[in-house]
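The primary structure of each chain is shown beneath.
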Amino acid sequence: MDPASAKRWSWLNDERARGLICQILLLGCIGALACGAIYNAVINMRARGIPTGFGFWNDVAGFDINLHLISYSNLSTYGQAFWVGLLNTLLIAVISIPLATLLGFAIGVARLSPNWLLSRFALVYTSIMRNTPLLLLLLFWYNSVLKALPGPRQSISVGDVVFLNNRGLYLPMPVARESAPWFLGAVLLAAALAIAFRLWAQWRQDRTGTQAPTVLVAAALILGLPALVTAALGAPFVFDIARLSGFNLRGGLQVIPEMAALVFGLVTFTAAFIAEIVRAGVLAVPIGQSEAAGALGLHRGLSMKLVVIPQAMRLITPPLTSQYLNIVKNSSLAVFIGYPDLVQIFAGTVLNQTQAAVQVMAITMAVYLVISLAVAMALNLFNARYTLKGR
Amino acid sequence: MLSSGALAWARANLFSSIGSTFVTVGCVALAAYLLPQLVAWATTRANWSGTDGAVCRQHQDGACWAFVIAKWDYLRFGSYPLAERWRVDAVEAIGALLIVWLLWTNAPRRTWGALLFFVAYPILALVLLRGSSLLGLPIVDTLLWGGIFVSLLTAVVGIVFSLPLGVLLALGRRSSLPVVRAASVAFIEFVRGVPFITILFMANNLLPLFVPEAWAPDRLLRPLAGIIIFSAAYMAEEVRGGLQSLTRGQYEAAVALGLNYPRMMALVILPQALTLVIPGIVNNFIGLFMDTTLISVVGVTDFLEAMNNAIKDPVWAGPTIMVTGYVFAGIFYFVFCYGMARYSAHVERILAKGRK
Amino acid sequence: MSGSSAGVDPGDAAAIRFSNVHKWYGSFHVLRNINLTVERGERIVVCGPSGSGKSTLIRCINRLEEHQRGSIVVDGVELTDNIKRIDEVRREVGMVFQSFNLFPHLTILENCTLAPVWVRKMPKRDAEELATKLLARVKILDQAHKYPGQLSGGQQQRAAIARALCMTPKIMLFDEPTSSLDPEMVKEVLDTVTALAQEGMTMIVVTHEMGFARQVADRVVFMDIGEIVEVNAPIPFFDHPQHERTKLFLSQILR
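Thresholds applied
- Residues numbered from 1 in each chain as written.
- Chains lettered and ligands numbered in written order.
- Predicted model: local features only at pLDDT ≥ 70, side-chain atom pairs only at ≥ 80, totals over all residues.
- Heavy atoms only, no water.
- Pairing = 2+ DSSP bridges.
- Helix = DSSP H or I, 4+ residues; strand = E, 2+ residues; numbered from the N terminus.
- Axes fitted to C-alpha atoms, helices over the stretch in contact; angles between N-to-C directions.
- Disulfide = S-S within 2.5 Å.
- Buried < 20%, exposed > 50% of the residue type's maximum accessible area, 1.4 Å probe, protein only.
- Contact = heavy atoms within 4.5 Å.
- Buried area = accessible area lost by both parts, 1.4 Å probe.
- Salt bridge = Lys/Arg side-chain N within 4 Å of Asp/Glu carboxyl O.
- Polar contact = N/O pair within 3.5 Å; in protein donor to acceptor, adjacent residues only side chain to side chain.
- Expected span 1.5 Å × (residues − 1).
- Arc of directions from axis to C-beta.
- Patch = residues over 30% accessible without salt bridge, like charges linked within 9 Å, V, L, I, M, F, W, Y side chains within 5 Å.
- Areas by Shrake-Rupley, 256 points an atom, 1.4 Å probe, with all protein chains shown as cover.
- Domains from an automatic or database assignment.

Novice: In this structure, what is going on with the sheet that holds strand E2 (residues 162-165) of chain A? I would like to understand it.
Specialist: Strand pairing in a sheet relies on backbone hydrogen bonds. The paired strands run either parallel or antiparallel. All names here are of chain A. With antiparallel pairing, four strands are arranged side by side in an open sheet as E1-E2-E3-E8. Edge positions in the open sheet fall to strand E1 (156-158) and strand E8 (253-255), since each of these has one partner strand only. Recorded for the sheet is a direction-independent mean angle of 20 degrees between the axes of neighbouring strands.

Structural data, given as structure tokens:
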């Protein structure tokens, strides 16, 4: 190549130019793929008579759902079915996340226990749960356990208050009476007083150094005040207990077996992962930290509270929120056992009936994406605030 | 003072305080109550032989292993024709050999093994399993495939094809070009943010719509595409971790020697990064193997679905059949996954020693 | 001090008394028949090859390690399994670690006020006043509101010294305080410890810094394979070592 043309083409070797060309090519490819896909989709959908808009949202659904937190009948629309499904998914998440956290932390602490047997038992639990597919666990609990329970007439009863049969788990349903508002008011007042006391105790400790038993006082308030109200004005709640009527149990709070299996499976499964996260977090705090705390005269409880746990929580929180997201995503396995969650209702029944696959899947995935991104943003804020500062 | 031996160990680990003593007693009591029952159910009281459910219906206090033994072929091959099952065995055997070759840390000529595994083996497997009129192998429709071999097939295909895709995504995510970076991040966050089932539904329902009529993808290919996409996103994060843990010095040394980007990546960075993430890749494989249980939702018969079908056989109806089936499936998955996890921990230890 | 007075002897003038102390790690005999008395106001330097048990020796003083045989009496209190006694001892004994062990989630000031507030039950303002004084004494007052990760190694170790001093201990233990530092920062830490010594603090320092030992120590203790081999004032120790092992060790480190 002669020098003149070499110079003309030398800009090709410029890194920025190359980068620009690369990106333009990539955008072009993505654009071409997208256009091709959309073009084919429209042709195929028209050929098969599949609706291309969102008109189906207001069509009558025509099917029943056996668990709906808002009013729903088979005359409701597909749109309303969507909301029912979404609420059912959120219901599972709201119940499973706290339970899994409690169980997971308990097992994690057991794993860290100096008692060899306890730590081994916890290890057996986490090993089994982490190496078994969640679907297998769900099918086991649903088919082998819950469906194999006796019928309503031979329900297993716990103290004649809680009943278990193949139609579900029946818990006592609290029904408010006149003193209920006072009771709730007492609980709120007790909580507010406990917080106020804690703030005052902190102020006093800063000023004079004396410490106060805030936990005991808070417990006394939260248990004592409502008890006083109950004694004075009578019980705030009456429990509606399920009773056999004909072939079925009536009354009480019925937890359908699908929901019981899903929650139980999700909680026991995720708790094993949370336990390992807790264990890893606590072990990652260097032993020198608790030694230094001990050397300063802090006893084990204070050392845990002021030095080890604050550092461990920073390490535990990101993977913990990741597990919470997994609970939300794994609840979609509801489709295998018939629990009416978002995927089962919307991406299942509604998609089959309307054949509007693109729209239905887009909406469903968008819901989960919004949840995931919201949690990711919250986690980023948390990290920015609480990461240990370095140079 | 007892300062050595079993008694001292017991004192320190089991009875170090009053609370600890209570816990120890409780655990021992629980184990003494549960373990003999479980072991007896699985061994001494179990039914090992029989051609139908009658024996198991008679003795309901033990597992019905006879059921599992009778159904074993179906659980392994699904409805794959009897005469052609040797093809499945051949594919599994060759695959196992190649995997051992690849993962054995001291094996000779591992790059040849990698080429064979990632390029030649998929083609061979496809031809053998599906059949080809050219070679005189009768065609076996994917509808008939089922059982353990489908679970293994989908998991292995998932890992094999998602690894290169994952590496590309990881490199793209670290790129300084904004469009490339944005596209990679969007892909990864999208796939990781939605449940696996929705990806399967998307692949199953949407893929046929997005391609021309004539290319309609096969019923097994669609969930496979979904599996590959899903696994690639998680693989990308593993590889990214590996790339990040390499010190800057490696990049700088390579550049100082005059290596351009592709050569630096291929000769210096990626070999190190990928070796670092082998344990992570194996973990991904374990997770993927367990996730393949979900493909039954789009009509593919994996091992768990095969078990579900087997349980429904009226010849074997009985109260212990379902429990036996599920327990066996659980044991199978546990042994496989736990075994792979231990191997991965072993490799991690070896790599850590080398790094010091 | 409340509770029973068993095991407490306020009349004991010695700060630390080791009597026939043995310790094993499993079957490894790490401390062999240690007998050592440290008087109040004495400055002891412990030296020896690695694995000689010198760190283990001082970690037994505040019960970070447990001895299996013999008795250790610190500030008149015998160290046993009695947790109350152990906490009492730890309040009066300060420790500075080789790897600093500052609390990374707290500022330097908060690191220093943590124990006085929660253990000595000081009002926060008094604790902060004390911490400020001590941080100024170790010359890092300007770093008080930074986090440990933002300080250099030498600054972190001086902060660790200030943190230990905030508990107004009667005895200070230093476990190889400069071994993790870059050479240019060793001096600033040694100067701090020297100043402390000159104020009459009872201290035991495990170190390889022999210049420091010569300058500061009242006695030098040489340990090898778990035993105390030789104890002497610095000048006779360095100039006329008596045991062969001491001579060998000194010849290896003093070049």
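Read on, since the account is not over.
Novice: Would you mind showing me how to read the state of the cysteines here?
Specialist: Counted according to the given criterion, the structure contains one disulfide over all chains. Between the sulfur atoms of Cys56 of chain B and its disulfide partner Cys64 of chain B the distance amounts to 1.8 Å. Across the S-S bond of Cys56 of chain B and Cys64 of chain B the torsion is about 70 degrees, and the bridge reads as right-handed. The structure places no disulfide on Cys29 of chain A, whose sulfur is separated from the nearest cysteine sulfur, that of Cys22 of chain A, by 9.7 Å. The cysteine Cys47 of chain C is free of any disulfide, with Cys60 of chain C supplying the nearest cysteine sulfur at 18 Å. You can call Cys47 of chain C buried: its relative accessible area is 0%.

Novice: Mind showing me how you'd approach the interface of chain B and chain A here?
Specialist: Many descriptions give the size of an interface as the accessible area lost when the pieces come together. With 51 residues of chain B at the interface, the matching set in chain A holds 48 residues. Of the roughly 4300 Å² buried where chain B meets chain A, counting both sides, 76% is carbon and sulfur surface. Contact with chain A buries area across many residues of chain B, yet Leu209, Phe210 and Tyr326 of chain B alone supply 15% of it, more than any other trio. Viewed at the interface, chain A and chain B are joined by zero salt bridges. Taken together, the links from chain B to chain A amount to 11 residue pairs in polar contact (both at pLDDT 80 or more).

Novice: In this structure, what is going on with helix H4 (residues 124-137) of chain C? I would like to understand it.
Specialist: Every α-helix carries 3.6 residues per turn, so stepping three or four residues along brings you back to the same face. All names here are of chain C. Taking 1.5 Å of rise per residue, the 14 residues of H4 would be expected to cover 20 Å, and the 20 Å separating its terminal C-alpha atoms lies within 8% of that figure. Among all positions in H4, only Ala127, Leu130, Ala131, Leu134 and Leu135 are buried. Each buried residue of H4 lies within a common arc of 135 degrees when the element is viewed along its axis, so the set occupies one face. The exposed residues of H4 that point more than 90 degrees off its buried face are Arg125, Glu129 and Lys133. Where H4 terminates, the next one or two residues include Lys139, which has phi positive at roughly 65 degrees.

Novice: What is the right way to read a nonpolar patch on the surface from this model?
Specialist: Nonpolar side chains collect at one region of the surface, where Phe121 of chain A together with Leu30, Tyr33, Leu34, Leu35, Leu38 and Val39 of chain B lie side by side and expose about 670 Å² of accessible area between them. Broken down by element, the nonpolar patch gets its largest block of residues, six residues, from helix H2 (residues 18-42) of chain B. Checked against the element boundaries, Leu35 of chain B lands in helix H2.

Novice: Please explain the environment of Ser127 of chain A as it appears in this structure.
Specialist: Mapped onto the secondary structure, Ser127 of chain A falls in helix H4 (residues 116-130). For Ser127 of chain A, a relative accessible area of 14% puts it in the buried group. For the pair formed by Ser127 of chain A and Ala272 of chain A, sequence separation is 145 residues and the distance between their alpha carbons is 7.9 Å. For Ser127 of chain A, the contacting residues outside a window of four places in its chain are Phe334 and Tyr338 of chain B.

Novice: What is the right way to look at the sheet that holds strand E2 (residues 28-39) of chain C in this model?
Specialist: Residues and elements named next belong to chain C. With antiparallel pairing, the four strands of this open sheet are ordered in space as E2-E1-E4-E5. Whereas interior strands pair on both sides, the edge strands pair on one side only; in this sheet they are E2 and strand E5 (77-78). On the sheet, helix H1 (residues 54-61) packs against strand E1 (14-25), E2 and strand E4 (69-74) and is oriented at approximately 120 degrees with respect to E1.

Novice: Help me understand the pairing of strand E9 (residues 219-224) of chain C, please; the structure alone is not making it clear to me.
Specialist: Strand residues, when the strand is regular, have side chains that alternate between the two faces of the sheet. Residue and element names in this part refer to chain C. Along E9, five of the six residues are buried, which leaves the element largely enclosed by surrounding structure. Sheet analysis places strand E3 (residues 43-47) next to E9, joined by four bridges and oriented parallel. Note on E9: the bridge partner recorded for Cys47 is Phe222. Of the pairings in the sheet, the one linking E9 to strand E10 (residues 227-232) comprises five bridges and is antiparallel in character.

Novice: Just to check I follow, could you spell out the side chain of Asn111 of chain C for this structure?
Specialist: Residue and element names in this part refer to chain C. Examined against the element boundaries, Asn111 turns out to sit in helix H3 (residues 108-118). Here Asn111 falls in the buried class, since its relative accessible area comes to 1%. A polar contact is formed between the side chain of Asn111 and the side chain of Arg163, at a distance of 3.3 Å.

Novice: I tried to follow the domain arrangement of chain B on my own but got confused; where do I start?
Specialist: In terms of domains, chain B is made up of domain 1 (2-42) and domain 2 (54-355). Its C-alpha centre places domain 1 of chain B at a distance of 41 Å from the equivalent point of domain 2 of chain B.

Novice: Looking at this structure, how should I read unusual backbone geometry?
Specialist: Among all residues save glycine, negative phi is the norm, and among peptide bonds the norm is trans. All names here are of chain C. A positive phi angle, close to 50 degrees, is found at Asp75, a residue other than glycine. One can find Asp75 in the loop between E4 and E5. Its identity is not glycine, yet Phe100 carries a phi of approximately 60 degrees, on the positive side. Among the secondary structure elements, Phe100 is positioned in the loop between strand E6 (93-96) and H3. Residue classification places Phe100 among the buried residues on the basis of a relative accessible area of 12%.

Novice: What's the story with the pairing of strand E7 (residues 171-175) of chain C in this structure? I'm lost.
Specialist: Residue and element names in this part refer to chain C. Buried residues dominate E7, accounting for five of its five residues. Along E7, one buried face is formed by Ile171, Leu173 and Asp175 and the opposite face, lined by Met172 and Phe174, is buried too. Where E6 lies against E7, four bridges are found, and the strand directions are parallel. Among the inter-strand pairings, Met95 is bridged to a residue of E7, identified as Leu173. Across five bridges, the pairing between E7 and strand E8 (residues 202-206) is parallel. Counted as the bridge partner of Asp175 is Val206 from E8.

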